[in-house]
Amino acid sequence: MRRAMRTIAITGGIGSGKTAVTDYLEEKGFPVIDTDCMAHAMTAPGGKAIPYIRKYFGEDFILPDGSMDREAIRNVVYHNPEMMKVLEKGTTEVIVRDTKAEIERMRTLGAPVTFVAIPLLFESGSDGSEYDGVWAVTASEEVRVKRVMARDGLTEEMVRRILKKQVSDEVRREKASELIDNSGTLAELRSRVDFLLRKNHLIS
Ligand SMILES: CC(C)(COP(=O)(O)OP(=O)(O)OC[C@H]1O[C@@H](n2cnc3c(N)ncnc32)[C@H](O)[C@@H]1O)[C@@H](O)C(=O)NCCC(=O)NCCS
Ligand SMILES: Nc1ncnc2c1ncn2[C@@H]1O[C@H](COP(=O)(O)OP(=O)(O)OP(=O)(O)O)[C@@H](O)[C@H]1O
């Protein structure tokens, strides 16, 4: 008899290292559904959220190449909670639906486990119980702010504004089934992931 597919969510705050974890899992051959990628794809040129952005935000929020102007949107939604709700209605809700469909597709393909990267799992009101496990990536705010400023060229003020919209690592620690501390080196991060894969009998 074929065993049921397990689903493991990977969550964590901005700049915690979710992508570093999922890149490593993919390198090891595990399937990963990345909701951040979905969010970026749907707001890229020709993306399925573009008509919605055009309708509810206006032409000024679309770049000449047809993609969503992320900087312009960021400057609105992180200052205006109502507009954040409007954005989320046209993006996050679609992502939640598409993620469910993608999980079902992996199930029919017979995958033993599928990892699902969901930055805003706990923020979206879920307690994670729809997944067989939730692995939360953590690192101090200071470390995360520095990493995101270096990666994206955002100001410290903007990174802290984004951080304030997310749950704290205390909440993640309480709700997750496993923690992946990423305050150290990438080698240390990988060895923690290996440990969890072994613990969950996903590698020998
Ligand atoms: C607000 C937007 C335009 C900012 O774009 P930007 O390029 O600056 O950031 P990016 O998408 O790469 O995300 C960076 C970090 O911000 C976090 N973040 C994204 N949206 C939110 C939000 N609504 N509240 C808090 N944090 C958020 C992400 O978790 C990530 O850690 C963009 O994040 C967006 O379209 N958000 C709404 C849809 C979405 O991404 N939902 C995620 C579903 S899991
Ligand atoms: N252990 C580490 N040591 C040094 N740099 C790291 C480490 N882990 C991640 N980074 C770097 O920090 C930045 C943030 O990491 P990453 O993109 O994996 O985080 P994320 O959680 O996916 O971020 P976001 O939520 O913003 O999408 C990246 O530039 C990454 O290369």
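Criteria and thresholds
Residues numbered from 1 in each chain as written. Chains lettered and ligands numbered in written order. Predicted model: local features only at pLDDT ≥ 70, side-chain atom pairs only at ≥ 80, totals over all residues. Heavy atoms only, no water. Helix = DSSP H or I, 4+ residues; strand = E, 2+ residues; numbered from the N terminus. Phe/Tyr/Trp six-rings, centres within 6.5 Å; stacked < 30°, edge-to-face > 60°. Near = heavy atom within 4 Å. Polar contact = N/O pair within 3.5 Å; in protein donor to acceptor, adjacent residues only side chain to side chain. Nonpolar A, V, L, I, M, F, W, Y, C, P; charged D, E, K, R; others polar. Buried < 20%, exposed > 50% of the residue type's maximum accessible area, 1.4 Å probe, protein only. Arc of directions from axis to C-beta. Contact = heavy atoms within 4.5 Å. UniProt positions renumbered as here; feature names shortened; annotations may be inferred. Areas by Shrake-Rupley, 256 points an atom, 1.4 Å probe, with all protein chains shown as cover.

Caption draft 1: Structural context of the environment of Val143. Structurally, Val143 can be placed in helix 7 (residues 141–152). Here the alpha-carbon distance between Val143 and Asp60, two residues 83 residues apart in the chain, equals 34 Å.

Caption draft 2: Region of the structure containing the packing of aromatic side chains. Taken as a whole and judged by the stated rule, the model has four aromatic pairs. Considering the side-chain rings of Tyr52 and Tyr56, the 4.6 Å spacing of their centres and the 40° angle between planes classify their relative orientation as tilted. Here Tyr52 pairs with Tyr56, and both are found in helix 3 (residues 50–56), just four residues apart, close to one helical turn. Members of the aromatic cluster, connected to one another through ring pairs, are Phe30, Phe115 and Trp135.

Caption draft 3: Layout of the site of ligand 1. Near ligand 1 lie 22 residues; those nearest to it are His40, Arg70, Arg74, Glu88 and Pro119. One nitrogen or oxygen atom from the side chain of Thr92 is found 3.3 Å from a nitrogen atom belonging to ligand 1. Gln166 is positioned such that a nitrogen or oxygen atom in its side chain is 3.1 Å from a nitrogen atom of ligand 1. Secondary structure elements with two or more residues in the shell around ligand 1: helix 2 (35–42), helix 4 (70–77), helix 5 (81–90) and helix 6 (92–109). For the shell around ligand 1, the element with the highest residue contribution is helix 4, accounting for four residues. Partitioning the shell around ligand 1 into residue classes produces 12 nonpolar, five polar and five charged.

Caption draft 4: Structural context of helix 4. Restricting attention to buried positions, one finds in helix 4 the residues Ala72, Ile73 and Val77. Each buried residue of helix 4 sits inside an arc of 120° when the element is viewed along its axis, so together they form one side. The secondary structure elements touched by the buried residues of helix 4 are helix 3 and helix 5.

Caption draft 5: Spotlight on the UniProt feature "binding site: ATP" (unreviewed entry) in the protein chain. Per the UniProt annotation, the sites labelled "binding site: ATP" (unreviewed entry) are Gly15, Ser16, Gly17, Lys18, Thr19 and Ala20. On the secondary structure map, Lys18 appears in helix 1 (residues 18–27). For Lys18, a relative accessible area of 11% puts it in the buried group. From its side chain, Lys18 meets the backbone oxygen of Gly12 in a polar contact 3.1 Å long. With respect to the helices and strands, the residue Thr19 is situated in helix 1. According to the relative accessible area criterion, Thr19 is partly exposed, its value standing at 43%.

Caption draft 6: Looking closely at the site of ligand 2. As a matter of local geometry, ligand 2 sits amid 15 residues, with Lys18, Thr19, Arg151, Asn182 and Gly184 nearest to it. Backbone polar atom of Gly15 to an oxygen atom of ligand 2: 3.2 Å apart, as the coordinates give it. Within the contact set of ligand 2, an oxygen atom lies 2.7 Å away from a side-chain nitrogen or oxygen of Arg151. If ligand 2 stood free it would expose 630 Å²; the protein chains cover 75% of that surface. If you list the elements that add at least two residues to the shell around ligand 2, you get helix 1 and helix 7. For the shell around ligand 2, the leading source of residues is helix 1, giving three residues. Residue composition of the shell around ligand 2, by class: three nonpolar, eight polar and four charged.

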